[in-house]
Amino acid sequence: MPWRRRGALSFPGDGILKVTVVGAGTMGRGIAQVFAQVGNEVVLTDVYEKALSLARDSINTSLSKLAKKGELKENPDTVMSRIKITGKLEEGADSDIYVEAVIEKVETKRDVLQSISGIAKPDSIIATNTSSISITQLSAFVKFPERFIGLHFFNPVPVMKLVEIVRGERTPDSLVRKCFEIAKALGKDPVISQDFPGFISNRVLMPLIREAILVLEEGIATKNDIDKTLRLGMNHPMGPLELADFIGLDVTLDIMEVLYHEYGDPRFKPPITLRNLVNSGKLGRKTSEGFYKY
Ligand code: CAA
């Protein structure tokens, strides 16, 4: 198979892969980490210097947590040594897999996917971690759309078992099967979705978060009681407002905008409170304030 490399086996039946993750935000860091944890060589790249230094710290912290619990097969330094953190995308030339994990804006993803396409081999897999944007739409930005697929990870990536595999119009079954195998090799438990905005996860989650915000806006209950209801009444690990803060209110708003624009259905319409928080720079945990203060 074209993506097979010589060397120690890390995927069942396959060799070590060279993986490039573009975008060193919360998701990109986690994705880079899980690929490195199973023995692959990883390039993690971003145009923001600050994102790169934060990525190193956060991967180190995560690896230490896993090591402390005995969930890491190797020393954290060994895993870290497989991750090259760099501002230069060209270092990722010759990769077997690229994972785009930049912000949820079509224009930004277009620029990044075109740059990846400029350095990728014809048989490289190019995946996007988009949470909501059409895979078929994004596939127009790569040279070989039949090598393009959605691989949607969940935060915190090293902990969450799910990967949503999204098949675009031109994604062949063989690539879906390959990515299923890759996700399993990363220790994940994948699901497969057709290419509809928000796929399975955000099609279901965003109306829940939206409704929780409306319950707050309408003065029906306090934020604490709304979250407590879902935590204690439905056994969710986090209430929907806490979860929105955790995802990032800017990311939550971007996803709702895509869903609202694509379906034209008011059940996805972003609430004013969400827009106001984002406009005032309160983006959730990452800025120390969102619905809650951290
Ligand atoms: N790396 C490694 N380990 C981590 C970690 C990380 N980044 N973050 C948390 N952990 C570990 C902790 O060490 C801890 O381990 P032990 O229980 O063995 O001590 C465990 O995870 C739980 O963490 P905490 O004790 O710190 O806190 P918690 O019990 O509140 O759990 C949580 C944190 C795992 C995030 C949990 O609250 C949770 O599952 N929340 C829901 C997360 C969720 O829904 N994520 C999906 C968001 S949607 C998305 O990402 C996609 C999208 O498109 C929007």
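Here the structure is shown first, and the text comes after it.
Residues numbered from 1 in each chain as written. Predicted model: local features only at pLDDT ≥ 70, side-chain atom pairs only at ≥ 80, totals over all residues. Heavy atoms only, no water.

(A) Representation of the overall build of the protein chain in the model. In terms of helices and strands, the protein chain carries eleven helices and eight strands. In terms of overall size, the protein chain behaves like a compact globule, its C-alpha atoms giving a radius of gyration of 19 Å where 294 residues would be expected to give roughly 19 Å. Its C-alpha atoms give the protein chain principal-axis dimensions of roughly 60 × 45 × 35 Å. Counted over contacts in the protein chain with a minimum sequence separation of 6, partners at least 24 positions apart contribute 64%. Entry remark: accessible area of the protein chain is about 13800 Å², with carbon and sulfur atoms responsible for 54%. (Helix = DSSP H or I, 4+ residues; strand = E, 2+ residues; numbered from the N terminus. Rg over C-alpha atoms; globule rule 2.2 N^0.38 Å. Contact = heavy atoms within 4.5 Å. Areas by Shrake-Rupley, 256 points an atom, 1.4 Å probe, with all protein chains shown as cover.)

(B) Molecular detail of the packing of helix 7 (residues 201-217) against helix 10 (residues 249-263). In contact at an axis separation of 10 Å, helix 7 and helix 10 are set at 110° when each is read in the N-to-C sense. In terms of axis orientation, helix 7 runs roughly perpendicular to helix 10. Here helix 7 and helix 10 pass one another in a crossing that is left-handed. For the pair helix 7 and helix 10, contact is made by Asn202, Arg203, Met206, Ile209 and Arg210 and by Thr252, Ile255, Met256, Leu259 and Tyr263, respectively. Of the residues belonging to the contact of helix 7 with helix 10, the class tally is six nonpolar, two polar and two charged. (Axes fitted to C-alpha atoms, helices over the stretch in contact; angles between N-to-C directions. Parallel < 35°, antiparallel > 145°, perpendicular 65-115°, else oblique. Left-handed = near helix turned anticlockwise from the far one by under 90°. Nonpolar A, V, L, I, M, F, W, Y, C, P; charged D, E, K, R; others polar.)

(C) Here's a closer look at the pattern of salt bridges. Within the structure shown, the criterion is met by 16 salt bridges. The salt bridge partner of Arg110 is Asp111, with a shortest N-O separation of 3.2 Å. The class of Arg110 is partly exposed, set by a relative accessible area of 32%. The partly exposed category is assigned to Asp111, whose relative accessible area is 40%. The partner of Arg267 in a salt bridge is Asp265, and the shortest N-O contact between them spans 2.8 Å. (Salt bridge = Lys/Arg side-chain N within 4 Å of Asp/Glu carboxyl O. Buried < 20%, exposed > 50% of the residue type's maximum accessible area, 1.4 Å probe, protein only.)

(D) Spatial organisation of the sheet that holds strand 2 (residues 41-45). Spatially, 3-2-1-4-5-6-7-8 is the arrangement adopted by the eight strands of the open sheet, whose pairing is mixed. The open sheet is flanked by strand 3 (83-86) and strand 8 (189-194), the only strands paired with a single partner. Strand-to-strand, the axes of this sheet are offset by a mean angle of 25°, without reference to chain direction. Bridging between strand 2 and strand 3 involves four bridges; their strand directions are parallel. Counterpart to Val42 in the pairing with strand 3 is Ile83. (Pairing = 2+ DSSP bridges.)

(E) Main features of the pairing of strand 6 (residues 148-153). For strand 6, a buried count of six out of six residues is recorded, marking the element as mostly surrounded by other parts of the structure. Residues Phe148, Gly150 and His152 of strand 6 are buried on one face, and the alternating residues Ile149, Leu151 and Phe153, pointing to the opposite face, are buried as well. Pairing geometry for strand 5 (residues 125-128) and strand 6, over three bridges, is parallel. Directly across from Ile126, in strand 6, lies its bridge partner Phe148.

(F) Representation of helix 10 in the model. If you check helix 10, its first and last C-alpha atoms are 21 Å apart, about what 15 residues at 1.5 Å a residue would give, namely 21 Å. Burial in helix 10 covers these residues: Leu249, Thr252, Leu253, Asp254, Ile255, Met256, Val258 and Leu259. Packed against the buried residues of helix 10 are helix 7, helix 9 (240-247) and helix 11 (272-279). (Expected span 1.5 Å × (residues − 1).)

(G) Structural context of unusual backbone geometry. Residue Pro156 is reached from Asn155 by a cis peptide bond, and omega for that bond is -5°. On the secondary structure map, Pro156 appears in the loop between strand 6 and strand 7 (162-167). The backbone of Phe199 shows a phi angle near 55°, a positive value even though the residue is not glycine. Relative to the elements of secondary structure, Phe199 occurs in the loop between strand 8 and helix 7. The exposure class assigned to Phe199 is buried, which follows from its relative accessible area of 5%. Within the chain, Asn235 stands out as a residue other than glycine whose phi angle is a positive 60°. Mapped onto the secondary structure, Asn235 falls in the loop between helix 8 (223-234) and helix 9.

(H) Quick peek at the site of the ligand. Ser62, Lys69, His152, Asn155 and Asn202 are the nearest of the 19 residues found near the ligand. The separation between a nitrogen atom of the ligand and a polar main-chain atom of Asn155 is 2.7 Å. When the ligand sits alone it has 1000 Å² of accessible area, and the protein chains cover 64% of it. Taken together, the elements giving at least two residues each to the shell around the ligand come down to helix 2 (49-68) and helix 9. For the shell around the ligand, the per-class residue count stands at twelve nonpolar, five polar and two charged. For the shell around the ligand, the domains that each give at least three residues are domain 1 (18-193) and domain 2 (202-280). (Near = heavy atom within 4 Å. Polar contact = N/O pair within 3.5 Å; in protein donor to acceptor, adjacent residues only side chain to side chain. Domains from an automatic or database assignment.)

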